[in-house]
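An overview of the molecular structure
Here are the chains, one letter per residue:
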Amino acid sequence: MALYLKMKGDYYRYMAEISKGNLLYVNKQNAFHFYNEAKDIVKDFDDLNPTKLNISLNYSVFLNEVLNKRINSFFYAKEALYNALKSLKNCSEDELTSEDMKDTLMIIEILNRNVEDWYKEQVGDIFEDEKKAKKKEEEEKEKKKKKDKKNKEEEKEENNKDKDKNKENDELIDTSSK
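Not measured: the values here are computed from a predicted model. (Residues numbered from 1 in each chain as written. Predicted model: local features only at pLDDT ≥ 70, side-chain atom pairs only at ≥ 80, totals over all residues. Heavy atoms only, no water.)

Below, the discussion takes up the confidence of the model for the protein chain. Averaged over all residues, the pLDDT of the protein chain is 87; the fraction at 70 or higher stands at 88%. Of all the helices and strands in the protein chain, helix H5 (residues 93-96) carries the lowest mean pLDDT, 72, while helix H2 (residues 21-42) carries the highest, 97. (pLDDT = per-residue confidence, 0-100. Helix = DSSP H or I, 4+ residues; strand = E, 2+ residues; numbered from the N terminus.)

Looking now at the nonpolar core. Core analysis: the biggest nonpolar cluster contains 17 residues, and Leu48, Leu53, Leu88, Ile108 and Leu111 have the highest contact counts within it. Mapped onto this core, the elements with two or more residues apiece are helix H3 (50-66), helix H4 (70-88) and helix H6 (99-177). Ala31, Tyr35, Tyr59 and Leu63 belong to the second-largest nonpolar core, a separate cluster that totals 7 residues. (Core = buried A, V, L, I, M, F, W, Y, C linked by side-chain atoms within 4.5 Å. Buried < 20%, exposed > 50% of the residue type's maximum accessible area, 1.4 Å probe, protein only.)

With 17 residues, H3 should reach 24 Å at 1.5 Å per residue; the first-to-last C-alpha distance of 23 Å fits that figure. Within H3, 14 of the 17 residues are buried, which leaves the element mostly enclosed by the surrounding structure. Two to three positions downstream of the cap, the backbone nitrogen of Thr51 sits 2.8 Å from a side-chain oxygen, assigning the N-cap of H3 to Asn49. Backbone geometry just after H3 places Asn68 at a positive phi near 55°. (Expected span 1.5 Å × (residues − 1). Polar contact = N/O pair within 3.5 Å; in protein donor to acceptor, adjacent residues only side chain to side chain.)

The next thing to look at is unusual backbone geometry. Its identity as a non-glycine residue notwithstanding, Asn68 has a phi of 55°, on the positive side. Examined against the element boundaries, Asn68 turns out to sit in the loop between H3 and H4.

Running from amino to carboxyl end, H2 crosses H3 at an angle of 155°, the nearest separation of the two axes being 10 Å. Relative to H3, the element H2 is oriented roughly antiparallel. Seen from above, H2 lies across H3 with left-handed handedness. Mapping the contact onto sequence places Lys28, Ala31, Phe32, Tyr35, Asn36, Ala38, Lys39 and Val42 in H2 and Thr51, Lys52, Ile55, Asn58, Tyr59, Phe62 and Val66 in H3. Of the residues assigned to the contact of H2 with H3, the class counts are 9 nonpolar, 3 polar and 3 charged. (Axes fitted to C-alpha atoms, helices over the stretch in contact; angles between N-to-C directions. Parallel < 35°, antiparallel > 145°, perpendicular 65-115°, else oblique. Left-handed = near helix turned anticlockwise from the far one by under 90°. Contact = heavy atoms within 4.5 Å. Nonpolar A, V, L, I, M, F, W, Y, C, P; charged D, E, K, R; others polar.)

Have a look at this one:
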């Protein structure tokens, strides 16, 4: 039943990705509803259960891509990944080589990739903002430096003009006193 509800959630997620207006709203609501029903059914399943992991994976993608709740999707996927990895440590060699475990490991790998990518996006956004602020600060410093240099040049030019006037005045005084 949980797999069927997840598939219905997936269907409405896909529909939400291509719809607009009221239909978009309805598809988002339906996807959210079916994913939550599926999550309720599997909440007490083992953390390595492939159906539970698949629901966690697809629900986190729904949060990220359809609802644009990037932080929520990151933490939801991260929690599912953490719980699965914690349970994986307690598995025997036979359990790790079982057929079900292959599906589980594949889903864990995808969850891990999503968590890493979403983390990089979040951190990347933060670093990008910092880079922009730093670049703006450097541009402001450069502007100020140029302005200060220009002011010094103008001041120097003024001083030179004053010196020239003083020299002319001194020469006039010298010629008039003779």
